[in-house]
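Structural overview
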Amino acid sequence: MLVLLERGATEAVVTDVAARLRMFGLSVHRAESDGQTRLAAVGEVASVDWAGVDQWPGVEATHPIPVSFKLVSRAFHPHDTVITVGRCAIGTSQLALMAGPCSVEGEEQAFTIAAAVAKAGATILRGGAYKPRTSPYSFQGLGEQGLKILRRAADAHGLAVVSEVMDSQQVPLVARYADILQVGARNMQNFALLHEVGRTQKPVLLKRGLAATIEEWLMSAEHILSSGNAQVILCERGIRTFETYTRNTLDLNAIPVVKELSHLPVIVDPSHGTGIRNKVAPMARAAIAAGADGLIVEVHHDPDRALSDGAQSLYPEQYAELVAQIRTIATVLGRRV
Ligand code: PEP
Ligand code: MN
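Heads up: these notes are all about the structure in this document. Here the structure is a predicted model, which is why all the values come from computation and not from measurement.

Among the structural elements, Pro-303 can be located in the loop between strand S14 (294–298) and helix H11 (316–332). In this structure Pro-303 comes out as buried when scored by relative accessible area, which is 4%. C-alpha separation for the pair Pro-303 and Leu-210, spaced 93 residues apart in sequence, amounts to 24 Å. Pro-303 has contacts with Arg-277, Gly-310, Ser-313 and Tyr-315, leaving out every residue within four places of it along the chain.

A few words now on the nonpolar core. Ranked by internal contacts, the top residues of the largest apolar core, which has 77 residues, are Val-117, Val-197, Leu-206, Trp-217, Leu-234, Leu-295 and Tyr-319. Tallying contributions element by element places helix H7 (residues 214–226) first for this core, with six residues. Apart from residues no more than four positions distant in its own chain, Trp-217 is found in contact with Met-188, Leu-206, Lys-207, Arg-208, Leu-234, Cys-235, Glu-236, Ala-254, Val-258 and Val-266. The next biggest cluster of nonpolar side chains, apart from the first, holds 16 residues, and it includes Val-14, Val-28, Ala-41 and Val-48.

Before going further, it helps to examine the site of ligand 1. Of all residues adjacent to ligand 1, which total 13 residues, the nearest are Arg-126, Ala-185, Arg-186, Lys-207 and Arg-237. Contact between ligand 1 and Arg-237: an oxygen atom at 2.6 Å from a side-chain N or O atom of the residue. Between an oxygen atom of ligand 1 and a side-chain N or O atom of Glu-298, the distance comes to 3.3 Å. The residue makeup of the shell around ligand 1, split by class, is three nonpolar, three polar and seven charged.

What follows concerns the sheet that holds strand S1 (residues 2–5). Sheet architecture is open: four strands sit in the order S2-S3-S1-S4, paired in antiparallel fashion. Each edge of the open sheet is held by one strand with a lone partner, namely strand S2 (27–33) and strand S4 (59–63). Across the sheet, the mean angle separating the axes of adjacent strands is 20 degrees when strand polarity is ignored. In this sheet, S4 lies alongside S1 in antiparallel orientation, the contact comprising four bridges. Bridge pairing in S4 places Leu-5 opposite Val-59.

Our focus in this paragraph is the packing of aromatic side chains. In this structure the tally under the stated criterion is one aromatic pair. Between Phe-24 and Trp-56, the ring centres sit 6.0 Å apart and the planes meet at 15 degrees, which makes this aromatic pair stacked. Note that Phe-24 is positioned in the loop between helix H1 (11–22) and S2 and Trp-56 in the loop between helix H2 (50–54) and S4, a separation of 32 residues in sequence. Its relative accessible area of 39% is what places Phe-24 among the partly exposed residues.

Reading the values: the criteria
Here the residue numbering is sequential within each chain, running from 1 through the sequence in written order. Numbering of ligands from 1 and lettering of chains from A proceed in the order in which they are written. At least 70 in pLDDT is required for a residue's local features to be given in this predicted model, at least 80 for side-chain atom pairs to be given and counted, and no such filter applies to totals for whole chains, interfaces and linings, which use all residues. Only hydrogens and water are set aside; all other atoms, that is, all heavy atoms of the structure, feed into the side-chain values. Here a helix means four or more residues in a row that DSSP labels H or I, a strand means two or more in a row labelled E, and each is numbered from the N terminus. For every residue, the accessible area (1.4 Å probe, protein chains only) is compared with the maximum for its type, and the residue is labelled buried under 20%, exposed over 50%, or partly exposed between those bounds. Here, two residues are considered to be in contact whenever any of their heavy atoms come within 4.5 Å of each other. Here, the term nonpolar core denotes a set of buried Ala, Val, Leu, Ile, Met, Phe, Trp, Tyr and Cys residues that are joined through side-chain atoms within 4.5 Å. Near residues are defined by distance, with any heavy atom within 4 Å of the molecule or strand qualifying the residue. Polar contact is defined as a pair of N or O atoms within 3.5 Å, subject to the rule that within protein one atom must be able to donate a hydrogen and the other to accept it, and that residues adjacent in sequence are counted only when both atoms are side-chain atoms. Residue polarity is assigned by list, with Asp, Glu, Lys and Arg as charged and Ala, Val, Leu, Ile, Met, Phe, Trp, Tyr, Cys and Pro as nonpolar; anything else, Gly included, falls into the polar class. Only strands that DSSP links by at least two bridges are regarded as paired with each other. Note on definitions: angles span 0 to 180 degrees between N-to-C directions of axes, and those axes are lines fitted to C-alpha atoms, for helices only across the stretch in contact. When two rings of Phe, Tyr or Trp (its six-membered ring) have centres within 6.5 Å they constitute a pair, described as stacked for plane angles under 30 degrees, edge-to-face for angles over 60, and tilted for the intermediate range.

Following this line, the structure appears as C-alpha cells:
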C-alpha cells in the first residue's frame, strides 16, 4: 500500500505514521518525490482498515500499489534511482560503462585488460573469480586470488569493480573486494542469495535469468529491496529462445518496458546476449539507442586463449571503437559517457 503524507509533514509525523504501520506487522519503506514523503507499507495489507489510516494526522491519502513488485515500482518511487559507484552515477545522463574479461585469469591478463578498458573510457572493471560453468571440468575461476588481482588491476587504473557472487556464503568475501555484487543469470531466483546481498549496502547487478519473464526478474529485485538494499542495477543479458544463430536472444524490448515499470537503472550485456564477437557492437549500440543506462561488455586482449567466453570477447581496439560510437549516440539522446 502506498501511503502519501501531507506536504510539509514533519519528521516526527513521518516517524509516527511509519511506527503505527509497523504495528500492523507491515514493513515500511520510504521515498521522497517532489517534496512529498511516500511510504510503501508491504506485507499482509489485506487485514488493515485503510479508510482508517486515511484519517491519521499527516496522512494525505492511501492507494494500493497495482503491481506485485511494490518497492521496485514507479508507483512507489516515481524518480529514477541513482547508484553512485566510483566515478559513475548510474541511472543519470551518464552512461555506465563496465568492461573486462569474462574470468580473471591472472595478473598480467587482468592488468592488460584493465589498462585498455580504462583508456577507452570504461569506469567499472568486470571479471569473474567465481564462475558458473555448465561443465564441472571447465575453468571455475581463481576464487579469492582472482578477486585480489581484479581489485589491484582496477585500483591501478581508477576503476571500480563488479564481480559475481554465486552463493550466499560467499557474499562477505566478494563484498570485501568488489564495489558491485553481480548476481548471475543462473542465480536470479536463488532467493537465499538475493536475501543475503539485500542485507549488504553494496550495489547489486541483477542479471535476468535465462528463461525469466520481466515480471519474475523484477520480483527478484523486489527480494533484494525488501531485504533492505535499494541499490539494484538490472541487467538484460539475453534469454533462451528457439533461435540458434546466437547464444541468446537479447531482449531489448525489456529496456523501455522496465523503464516504465521501475525506477531502477537497467544496463545491457550484449556479450552474453549474442555470444558472437562481431554481433556485440551492433547490439550494444542498439541497447544505448533503446534507452539503456549502460553496458557490460567482455573484453580480452587474447581471446583465442581466454579460459571462458573468448568467442564473444571484443579485442581492446574494438572496445575503444565501440565506446567512441556510444559517445556519439549518447549525444543524440542527451546523455554522455
Ligand atoms: C558473466 O557475466 O560472465 C556471466 C556468467 O553472465 P550470465 O550470468 O549473464 O550468464
Ligand atoms: Mn562470460
